[in-house]
Amino acid sequence: MSLRTLPLLFLNLGGEMLYILDQRLRAQNIPADKARKVLNDIISTMFNRKFMEELFKPQELYSKKALRTVYDRLAHASIMRLNQASMDKLYDLMTMAFKYQILLCPRPKDVLLITFNHLDAIKGFIQDSPAILHQVEETFRQLTEIYGALSAGEFQLIRQTLLIFFQDLHIRVSIFLKDRVQNSNGRFVLPVSGPVPWGTEVPGLIRMFNDKGKEVKKIEFKHGGHYVTAPKEGSFELYGDRVLKLGTNMYSMNRPVETHMSGASRNLASRTQESIAPNPLAKEELNFLARLMGGMEIKKPSGPEPGFRLNLFTTDEEEEQAALTRPEELSYEVLNIQATQDQQRNKELARIMGEFEVMDQPRQSASKGDDLLAMMDEL
Amino acid sequence: MFRRERSIPLRCSAAALCNNLSVLQVPSRNLTHFGVVHGPSAQLLSAAPEGAPLAQRQLHAKEGAGVSPPLITQVHWCVLPFRVLLVLTSHRGIQMYESDGSVMVYWHALDSGDVSPVQAVFARGIASSGHFICVGTWSGRVLVFDIPAKGPNIVLSEELAGHQTSVTDIATEPAQGQDCMADMVTADDSGLLCVWRSGPEFKLMTQIPGFGVPCPSVQLWHGTVAAGYGDGQVRLYEASTGTLHVQISAHARAICALDLAPEVGKLLSAAEDTFVHIWKLSRSPKSGHTEVEHCHAECVPDTQVCGVRFCDPSGSSFAVTGYDLAEILRFSSV
């Protein structure tokens with residue numbers, strides 16, 4: 001599908017991650033200066049120039065599992081630590097939020113406005129750091145340059161690619177259930193009222209023309225929905241009213257982060273292909289992933305500041321319980337690469353993935369994935 | 001009025017692709033075959049009018065280099081004068097099977113050539129005309145394959161240039177025997193329509209300009225082109241001249257599929273706004289122009305519809321697929 005999808009997927013999921021972390025940092029009463037530093041560190045890593053360069057190269061999407069490792073690293077780009085259960089929950093929330101936004105996106109092109117909503121909010125998180133702000137604006141400039149020129153057809157392909165990426169993911173999210181935008185079976189509610197997309201006419205009219213193009217007849221029909229005209233188009237400029245609300249921060253102190261997870265809510269018959277069949281392409285994917293993450297610079301939690309652990313659940317007990325009760329098919333098993341079936345080795349690989357940025361390998365090495373596999377074999 | 005019938009369960013949910021449902025009616029055995037794309041695989045199944053699915057088969061796109069398995073873009077049954085073939089298009093190429101999907105009789109790899117690495121390479125848009133099968137591609141070219149009455153000696157006989165952007169859909173109708181009869185229409189991502197006359201050499205008759213919105217689905221009925229667009233509009237044109245006769249503000253979101261019941265001139269339109277509409281097309285006895293009336297609106301709640309097809313020639317039943325939905329919904333008139 002579209003080879004222009006990864007930057008949009010990464011930036012929007014990253015934006016959702018920051019919304020959730022920001023809310024949890026406040027809910028957990030982390031001192032403001034510390035919280036600010038955590039967000040600054042993550043944003044700075046996320047928008048790192050070299051990393052963005054790799055991200056914007058035309059490429060296919062990664063599997064959900066592989067992408068998850070990228071966010072694992074990103075979430076740990078500061079002194080803050082998340083354990084497995086909290087990280088699972090964070091990724092669930094991020095993916096379901098962006099799935100919702102893509103599904104309700106009025107025109108395929110509006111995926112860009114959703115991205116801008118995330119970038120606008122991210123800029124608001126940055127405090128006292130013009131350098132980081134500049135990084136984000138540089139990414140904005142790149143987005144405008146590349147995506148501003150795409151046709152409606154190309155955006156449609158991008159949206160289809162994203163929808164296929166999120167297909168069969170039906171995790172129930174309490175904030176969506178409360179707002180009645182998600183049904184109890186995990187499917188999102190698609191409204192049949194409100195404004196039509198910009199450039200679309202309110203349905204309900206048939207017009208007939210003669211050979212000379214003159215309108216000769218007009219008939220109304222009952223469409224079944226209750227739509228109104230779009231008020232105005234959102235702004236695609238650096239600063240401006242995006243009009244569209246999708247992609248803005250939906251969390252606040254009164255609307256905490258929560259998830260319901262239930263095996264029954266997913267259709268077991270429609271489990272994704274990747275979880276069933278061993279993926280013979282895993283090695284190649286690893287190559288791409290290593291190249292991408294080679295551009296991600298990670299700060300080690302050393303120095304004067306002591307680290308802390310963030311919990312995505314209200315209490316530690318809840319977190320422990322979630323780790324125990326998580327349905328197996330939702331388990332990401334950080335990089336469950338089929339090159340080896342050995343659990344122990346998977347853990348080792350995860351450890352290597354966690355450290356390889358620090359190993360300072362030559363960045364141009366195209367065979368980094370091979371190296372990783374070689375290291376696994378030596379273990 | 002239409003009533004919801006028992007739906008047919010799918011092993012895998014339908015992918016968010018346009019025209020993501022193909023139906024083959026086999027009246028002699030009172031069977032209907034359905035084809036739906038899941039993503040990296042496609043599912044074929046057959047069902048009796050009331051019963052559960054009888055047989056299921058999964059097809060995959062041929063593997064190649066790349067990070068992930070190639071995605072399928074469309075499956076479609078092509079009814080030719082002497083045989084029925086199932087055609088599957090993907091990001092790798094074009095696969096043609098015997099109608100039950102059991103044997104692959106032909107494989108055409110897409111040649112990306114000197115295309116820029118930014119461009120996704122794929123085939124999409126399938127239709128048959130006489131003993132030809134026409135398939136659209138990402139580059140805008142339409143490949144014409146000459147199909148023998150039996151056997152695998154399928155040859156690429158012609159490449160049609162008319163589109164500058166990716167082909168979305170192709171529609172044909174049996175030639176009426178007259179000269180200069182337009183019997184094929186192709187659509188693309190920019191909304192441009194090309195009208196062709198089939199034959200040993202296909203001839204471009206006319207082009208109907210787009211307006212920047214993709215045209216994901218087209219149909220052809222008695223010389224009238226029906227086109228569904230990304231802004232929810234359905235437009236009816238005179239095929240031979242390209243004159244616009246009817247413009248319908250039909251849907252609130254992008255149209256993803258049209259279908260025709262040729263015997264009765266009924267048109268189905270389905271869109272991402274969760275609605276399916278049925279329209280009746282007719283020729284005005286006075287002016288000879290195509291006219292249209294709205295017959296039925298069906299809402300499929302919370303479903304981004306991605307495929308719709310009539311299940312019988314008289315248009316009294318239809319089937320619907322939706323993104324993320326692991327079933328085929330069926331409706332029939334009461």
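Residues numbered from 1 in each chain as written. Chains lettered and ligands numbered in written order. Predicted model: local features only at pLDDT ≥ 70, side-chain atom pairs only at ≥ 80, totals over all residues. Heavy atoms only, no water.

With an unreviewed UniProt entry as reference, chain B is termed WD repeat-containing protein 54 isoform X1, source organism Zalophus californianus. In the Subunit (unreviewed entry) part of its UniProt record, chain B is described as follows: "Homodimer and homotrimer; forms tight forms of dimers and trimers. Interacts with IZUMO1 and IZUMO1R/JUNO." (UniProt positions renumbered as here; feature names shortened; annotations may be inferred.)

Named according to an unreviewed UniProt entry, chain A is Protein OSCP1 originating from Zalophus californianus.

> Please provide a residue-by-residue account of the overall build of chain B, values included.
Each helix and strand in chain B was counted, giving 0 helices and 28 strands. For 334 residues, the compact-globule formula gives about 20 Å, and the C-alpha radius of gyration of chain B, at 18 Å, lands near that figure. Projecting the C-alpha coordinates of chain B onto the three principal axes gives extents of approximately 55 × 45 × 40 Å. Burial status across chain B gives 65% buried among its 334 residues. Sequence separation of at least 24 residues holds for 49% of the intrachain contacts in chain B that already meet a minimum separation of 6. Summing over all exposed atoms, chain B offers an accessible surface of approximately 11,500 Å²; the carbon and sulfur share of this is 52%. Across chain B, the mean location of the 22 positive side-chain charges is 4 Å away from that of the 30 negative side-chain charges. (Helix = DSSP H or I, 4+ residues; strand = E, 2+ residues; numbered from the N terminus. Rg over C-alpha atoms; globule rule 2.2 N^0.38 Å. Buried < 20%, exposed > 50% of the residue type's maximum accessible area, 1.4 Å probe, protein only. Contact = heavy atoms within 4.5 Å. Areas by Shrake-Rupley, 256 points an atom, 1.4 Å probe, with all protein chains shown as cover. Lys, Arg positive; Asp, Glu negative; His and termini not counted. Charge placed at Lys NZ, Arg CZ, Asp CG, Glu CD.)

> I'd like a description of the overall build of chain A, backed by residues and values.
What chain A contains, in helices and strands, is 14 helices and 6 strands. Sorting the 379 residues of chain A into buried and exposed places 55% on the buried side. Counting every atom, chain A has about 16,400 Å² of accessible surface; 52% of that belongs to carbon and sulfur.

> Break down the packing of aromatic side chains for me, citing the residues and quoting the values.
Residue and element names in this part refer to chain A. A full pass over the atoms with the stated rule returns 18 aromatic pairs over all chains. Cluster of aromatic residues (ring-pair linked, three or more members): F10, F51, Y71 and Y91. Over the ring of F165 we find K64, and its NZ or CZ is 5.6 Å from the ring centre. (Phe/Tyr/Trp six-rings, centres within 6.5 Å; stacked < 30°, edge-to-face > 60°. Lys NZ or Arg CZ within 6 Å of the ring centre and 35° of its normal.)

> Provide a residue-level description of the environment of S139 of chain B, including the pertinent values.
Residues and elements named next belong to chain B. Relative to the assigned elements, S139 resides in the loop between β11 (132–137) and β12 (142–146). Each C-alpha atom, one on S139 and one on G315, is 35 Å from the other, the two residues being 176 residues apart in sequence. For S139, the residues in contact, after removing those within four places along its chain, are H163, Q164 and T165. At 3.1 Å, the side chain of S139 and the side chain of T137 are in polar contact. Looking at S139, its side chain comes within polar contact range of the main-chain nitrogen of R141, at 3.4 Å. (Polar contact = N/O pair within 3.5 Å; in protein donor to acceptor, adjacent residues only side chain to side chain.)

> Run through the environment of V135 of chain B, naming residues and quoting values.
Residues and elements named next belong to chain B. Here V135 is to be found in strand β11. Between the C-alpha atoms of V135 and P148, which are 13 residues apart in sequence, the distance is 17 Å. Residues in contact with V135, not counting those within four places in the same chain, are V87, T89, I94, A123, G125, R141, V142, L143, F145 and I170.

> Hey, could you go over the pairing of strand β14 (residues 167–172) of chain B for me, with residue numbers and the actual values?
Residue and element names in this part refer to chain B. For β14, a buried count of 5 out of 6 residues is recorded, marking the element as mostly surrounded by other parts of the structure. In this sheet, strand β15 (residues 184–188) lies alongside β14 in antiparallel orientation, the contact comprising 5 bridges. Bridged to I170 within β15 is T186. (Pairing = 2+ DSSP bridges.)

> Please provide a residue-by-residue account of the sheet that holds strand β3 (residues 31–37) of chain B, values included.
Two strands in a sheet stick together by hydrogen bonds in their backbones, pointing the same way (parallel) or opposite ways (antiparallel). Residue and element names in this part refer to chain B. The sheet built from 4 strands is open, its strands ordered β2-β3-β4-β5 with antiparallel pairing. The strands lining the two open edges of the sheet, one partner per strand, are β2 (22–26) and β5 (53–60). Across the sheet, the axes of successive neighbouring strands diverge by a mean angle of 15°, strand direction being ignored. Bridge count for strand β4 (residues 41–47) against β5 is 7 bridges, and the pairing is antiparallel. What sits directly across from A47, in β5, is P53. (Axes fitted to C-alpha atoms, helices over the stretch in contact; angles between N-to-C directions.)

> Give me the nonpolar core: which residues, what numbers.
Grouped together as the largest cluster of nonpolar side chains are 95 residues, with contacts concentrated most on F10, Y71, L90 and Y147 of chain A. It is helix α5 (residues 84–104) of chain A that provides the largest number of residues to this core, a total of 13 residues. Ignoring any residue separated from it by four or fewer positions in sequence, one finds F10 of chain A in contact with M46, F51, M52, L55, V70, Y71 and L74 of chain A. In terms of nonpolar packing, the next biggest core, distinct from the first, is built from 41 residues, L17, L110, I126 and L143 of chain B among them. (Core = buried A, V, L, I, M, F, W, Y, C linked by side-chain atoms within 4.5 Å.)

> An account of the confidence of the model for chain A is needed here, citing residue identities and associated values.
Residue and element names in this part refer to chain A. Confidence along chain A averages 80 in pLDDT terms, with 74% of residues attaining 70 or more. Contacts for the low-pLDDT stretch residues 333–345, under 50 throughout, to residues beyond four places or in other chains number 30 contacts. Below pLDDT 50 for its whole length, residues 354–379 participates in 46 contacts with residues either more than four positions away or in separate chains. (pLDDT = per-residue confidence, 0-100.)

> Lay out the UniProt feature "repeat: WD" (unreviewed entry) in chain B with the relevant residues and their values.
Under the UniProt annotation, the feature "repeat: WD" (unreviewed entry) is placed at residues 248–282 of chain B. Overall, residues 248–282 of chain B shows 0% helix and 66% strand. The separation of its end C-alpha atoms is 15 Å.

> Residue-level account of the interface of chain B and chain A, with values.
The interface is formed by 62 residues belonging to chain B together with 62 residues belonging to chain A. Contact between chain B and chain A buries roughly 5,000 Å² in total, counting both sides, with carbon and sulfur atoms accounting for 52%. Along the contact surface separating chain B from chain A lie 3 salt bridges. One salt bridge in this structure joins K99 of chain A and D324 of chain B, with 2.5 Å as the shortest N-O distance. Our count for the contact surface shared by chain B and chain A stands at 23 residue pairs in polar contact (both at pLDDT 80 or more). (Buried area = accessible area lost by both parts, 1.4 Å probe. Salt bridge = Lys/Arg side-chain N within 4 Å of Asp/Glu carboxyl O.)

> Tell me what's going on with the confidence of the model for chain B, and back it up with residues and numbers.
Of all residues in chain B, 96% have pLDDT values of 70 or greater, and the mean over the chain is 93. Interface confidence for the predicted complex, expressed as ipTM, amounts to 0.95; the pTM equals 0.89.

> Lay out helix α1 (residues 6–27) of chain A in plain terms, naming residues and giving numbers.
Residues and elements named next belong to chain A. Here α1 contains 22 residues, and its C-alpha end-to-end distance of 31 Å stays within 8% of the 32 Å for a straight helix at 1.5 Å per residue. For α1, the buried fraction is high: 20 of the 22 residues fall into the buried class. In the stretch just after α1, N29 is the one whose phi turns positive, near 55°. (Expected span 1.5 Å × (residues − 1).)

> Explain the pairing of β15 of chain B to me, and be specific about the residues and the numbers.
Residues and elements named next belong to chain B. For β15, the tally of buried residues reaches 5 of 5 residues, placing the bulk of the element in the interior. Here β15 shows a buried face lined by M184, T186 and D188 and a second buried face lined by V185 and A187. Alignment of β15 against strand β16 (residues 193–197), held across 4 bridges, turns out to be antiparallel. Residue pairing in the sheet places V185 in a bridge with V195 of β16. Here β15 folds back onto β16, and the loop between the two strands holds 4 residues, one of which, G191, carries a positive phi near 95°.

> An account of helix α4 (residues 64–75) of chain A is requested, with residue identities and associated values reported.
Residue and element names in this part refer to chain A. For α4, with 12 residues, the first-to-last C-alpha span of 16 Å sits near the 16 Å given by 1.5 Å per residue. The buried count for α4 comes to 12 of 12 residues, which makes it a mostly enclosed element. Among all positions in α4, only K64, K65, A66, L67, R68, T69, V70, Y71, D72, R73, L74 and A75 are buried.

> Account for the environment of T137 of chain B, naming residues and giving values.
Residues and elements named next belong to chain B. Examined against the element boundaries, T137 turns out to sit in strand β11. A C-alpha to C-alpha distance of 5.7 Å links T137 and R124, two positions 13 residues apart in sequence. Excluding residues within four positions of it along the chain, T137 makes contact with L110, F122, A123, R124, L143, S166 and V167. In terms of polar contacts, T137 uses its side chain to reach the backbone carbonyl oxygen of R141, at 2.8 Å.

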